[in-house]
Amino acid sequence: MVHDSESDAFIPFDFENLQAQIPELKQLDCDLEVHSYEPSIDSSNMHPKVWVQLAETIEESYTTYDGFVILHGSDTMAYTASALSFMLENLNKPVVLTGSQLPSGVPRTDAKENLITAIEIASSYRNGVPEVPEVCVYFEYQLYRGNRIHKVNAENFEAFASVNYSPLAEAGVHLKFNRSYVRKVNQRSLQVHKKFNPNVGVLKLFPGITESAVKNSLDHPETEAVILETFGAGNAPTTKWFLSALAEAIERGVLILNVSQCVGGSVDLGRYETSKSLKDLGVLSAQDMTFEASLTKLMFVLAHVEDKAERIALITSDLRGELTL
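Residues numbered from 1 in each chain as written. Predicted model: local features only at pLDDT ≥ 70, side-chain atom pairs only at ≥ 80, totals over all residues. Heavy atoms only, no water.

Remarks on the overall build of the chain
For step 1, the next point in the chain: Across its full length, the chain carries 9 helices and 18 strands.
For step 2, the next point in the chain: In terms of overall dimensions, the chain is globule-like: its C-alpha atoms have a radius of gyration of 21 Å, near the 20 Å expected for 325 residues.
For step 3, the next point in the chain: Taken along its principal axes, the extent of the C-alpha atoms in the chain is 65 × 50 × 35 Å.
For step 4, the next point in the chain: Looking at the chain residue by residue over its 325 residues, the buried ones come to 48%.
For step 5, the next point in the chain: For the chain, contacts bridging at least 24 residues in sequence account for 71% of all contacts bridging at least 6.
For step 6, the next point in the chain: Accessible area of the chain: about 16000 Å², with a carbon and sulfur share of 48%.
For step 7, the next point in the chain: For the chain, the distance from the average position of its 27 positive side-chain charges to the average position of its 43 negative side-chain charges is 8 Å. (Helix = DSSP H or I, 4+ residues; strand = E, 2+ residues; numbered from the N terminus. Rg over C-alpha atoms; globule rule 2.2 N^0.38 Å. Buried < 20%, exposed > 50% of the residue type's maximum accessible area, 1.4 Å probe, protein only. Contact = heavy atoms within 4.5 Å. Areas by Shrake-Rupley, 256 points an atom, 1.4 Å probe, with all protein chains shown as cover. Lys, Arg positive; Asp, Glu negative; His and termini not counted. Charge placed at Lys NZ, Arg CZ, Asp CG, Glu CD.)

Some details on the side chain of asparagine 186
For step 1, the next point in the chain: Tracing the backbone through its elements, the reader meets asparagine 186 in the loop between strand 13 (175–177) and strand 14 (191–192).
For step 2, the next point in the chain: Overall, the relative accessible area of 18% leaves asparagine 186 in the buried class.
For step 3, the next point in the chain: With sequence-adjacent residues up to four places away left out, asparagine 186 is seen in contact with Asn90 and Asn92.

Description of the sheet that holds strand 15 (residues 200–204)
For step 1, the next point in the chain: Strand order in the open sheet formed by 4 strands is 15-16-17-18, with parallel pairing between adjacent strands. Edge positions in the sheet fall to strand 15 and strand 18 (284–285), since each of these pairs with one other strand and no more.
For step 2, the next point in the chain: Direction of pairing for strand 16 (residues 225–230) relative to strand 17 (residues 255–260): parallel, over a ladder of 6 bridges. Residue pairing in the sheet places isoleucine 227 in a bridge with leucine 257 of strand 17.
For step 3, the next point in the chain: Seen against the sheet, helix 5 (residues 211–218) touches strand 15, strand 16 and strand 17 and runs at an angle of roughly 160 degrees to strand 15. (Pairing = 2+ DSSP bridges. Axes fitted to C-alpha atoms, helices over the stretch in contact; angles between N-to-C directions.)

A closer look at the packing of helix 5 against helix 6 (residues 240–251)
For step 1, the next point in the chain: Where helix 5 contacts helix 6, the axes come no closer than 10 Å and their chain directions differ by 10 degrees. Viewed along their axes, helix 5 and helix 6 adopt a mutual orientation that is roughly parallel. Mapping the contact onto sequence places Glu211, Val214, Lys215 and Leu218 in helix 5 and Trp241, Phe242, Ala245, Leu246 and Ala249 in helix 6.
For step 2, the next point in the chain: Of the residues in the contact of helix 5 with helix 6, the class split is 7 nonpolar, no polar and 2 charged. (Parallel < 35°, antiparallel > 145°, perpendicular 65-115°, else oblique. Nonpolar A, V, L, I, M, F, W, Y, C, P; charged D, E, K, R; others polar.)

Looking at the pairing of strand 8 (residues 135–139)
Regular strands place their side chains on alternate faces of the sheet.
For step 1, the next point in the chain: Of all the 5 residues making up strand 8, 5 are buried; the element is thus mostly covered by neighbouring parts of the structure.
For step 2, the next point in the chain: Where strand 5 (residues 95–98) lies against strand 8, 3 bridges are found, and the strand directions are parallel. Considered in strand 8, the bridge of leucine 97 is made with valine 137.
For step 3, the next point in the chain: The pairing of strand 8 with strand 9 (residues 142–145) spans 4 bridges and is antiparallel. From the neighbouring strand, cysteine 136 faces strand 9, where its bridge partner is arginine 145.

Looking at the nonpolar core
For step 1, the next point in the chain: Counting residues in each nonpolar core, the largest one holds 48 residues, and the members touching the most others are Leu84, Leu88, Val95, Leu97, Val135 and Leu257.
For step 2, the next point in the chain: With residues up to four places along the chain from it excluded, the contact list for leucine 257 reads Val226, Ile227, Leu228, Leu284, Ser285, Ala286, Met289, Ser294, Leu298 and Ile315.
For step 3, the next point in the chain: In terms of nonpolar packing, the next biggest core, distinct from the first, is built from 20 residues, Leu205, Ile209, Ala236 and Val254 among them. (Core = buried A, V, L, I, M, F, W, Y, C linked by side-chain atoms within 4.5 Å.)

Topic: a nonpolar patch on the surface
For step 1, the next point in the chain: A contiguous nonpolar patch, built from Val152, Val163 and Val263 and spanning about 240 Å² of accessible area, is present on the exposed surface.
For step 2, the next point in the chain: Within the secondary structure layout, valine 152 lies in the loop between strand 10 (150–151) and strand 11 (160–161). (Patch = residues over 30% accessible without salt bridge, like charges linked within 9 Å, V, L, I, M, F, W, Y side chains within 5 Å. Salt bridge = Lys/Arg side-chain N within 4 Å of Asp/Glu carboxyl O.)

What about the pairing of strand 17?
For step 1, the next point in the chain: Burial analysis of strand 17 places 6 of its 6 residues in the buried class, which makes it a mostly covered element.
For step 2, the next point in the chain: Taken together, strand 16, helix 6 and strand 17 form a β-α-β motif whose crossover is right-handed.
For step 3, the next point in the chain: Where strand 17 meets strand 18, 2 bridges bridge the pair, whose relative direction is parallel. By the bridge assignment for strand 18, asparagine 258 is matched with serine 285.
For step 4, the next point in the chain: The parallel pair strand 17 and strand 18 is bridged by helix 7 (residues 273–281), and the resulting crossover is right-handed. (Right-handed = clockwise from strand over helix to strand, strands pointing away.)

A word on the packing of helix 6 against helix 7
For step 1, the next point in the chain: Their axes nearest at 10 Å, the elements helix 6 and helix 7 cross at an angle of 20 degrees. Overall, the two elements helix 6 and helix 7 adopt an arrangement that is roughly parallel. As helix 6 packs across helix 7, the resulting crossing turns out to be right-handed. Along its contact with helix 6, which presents Phe242, Leu243, Leu246, Ala247 and Ile250, the element helix 7 presents Ser277, Leu278 and Leu281. (Left-handed = near helix turned anticlockwise from the far one by under 90°.)

Focus: the pattern of salt bridges
For step 1, the next point in the chain: The tally for this structure, following the rule as stated, stands at 14 salt bridges.
For step 2, the next point in the chain: Residues lysine 151 and aspartate 75 are paired through a salt bridge, measuring 2.7 Å at the closest nitrogen-oxygen approach. Here aspartate 75 lies in the loop between strand 3 (68–71) and helix 3 (77–87) and lysine 151 lies in strand 10, a separation of 76 residues in the sequence.
For step 3, the next point in the chain: Judged by its relative accessible area of 46%, aspartate 75 is partly exposed.
For step 4, the next point in the chain: The partner of arginine 179 in a salt bridge is glutamate 131, and the shortest N-O contact between them spans 2.9 Å. Within this pair, whereas arginine 179 is found in the loop between strand 13 and strand 14, its partner glutamate 131 is found in the loop between strand 7 (129–130) and strand 8, the two being separated by 48 residues in sequence.
For step 5, the next point in the chain: Accessibility expressed as a relative area gives 36% for arginine 179, which makes it partly exposed.

Next up, the structure:
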């Protein structure tokens, strides 16, 4: 982002001037090519159409380059990283998303270090094999699996956390890769999936939630799946009207995925009385998936599979390292 004097706000800038903004890039031991999209957008305007655009760019140049770095605003970076992880099946090269909390050009910006290290990671190979052949996010000296992160801070440089999965690498004087946590290279060809189904609703529970609020979230005729954001380890009210509303939606074929409002930990349906009823109704468990991974996974599965049983099997399975079985 750069500061626009007319609007007195930060707006996207033209990445063609990237090397002029960060001359240190010329010192890296790799060849760079910069690709820009027109128009550049703020990440708050992110849309599945842009995810497809990103995936197609990687697909078209997959055999030409050793790795890819995506410059992305931090606000929706977790959504994009999760979506790309599902789109890029059999990915065997690094795709590293990064950005900054302070815009490029600001004296204390974190953009330079994040970008330089992201490029180093994307070009890091060991015995001819990429160190991190998966979609990941680099921010403030930490490399995370892309579908495991959540933005936790809007002001600190440590913007992201991956509470349920250890970092893939740490950047100090040297890059230290935690290879036991990195997905392994396979011999299958890259498959790029380019469809998302947006007919997903979100129902966040809170004390005192009304019957009308719940039914309005569940009863929309186009809704095919709903994320139920519950308390703690997947707990929810046990009132008769609430359970009846869920049962009616499930009977109509709506898939309901239980995602904890907590940043860390896992949904454990049936552990407490307040979640046993959900399990009995057929509510699905997101286990330790993030909200962002849960949402993009639902949109991805709904777009590619019609059969209900197969949808449930995929949603509750580990597809790209997004959950711990």
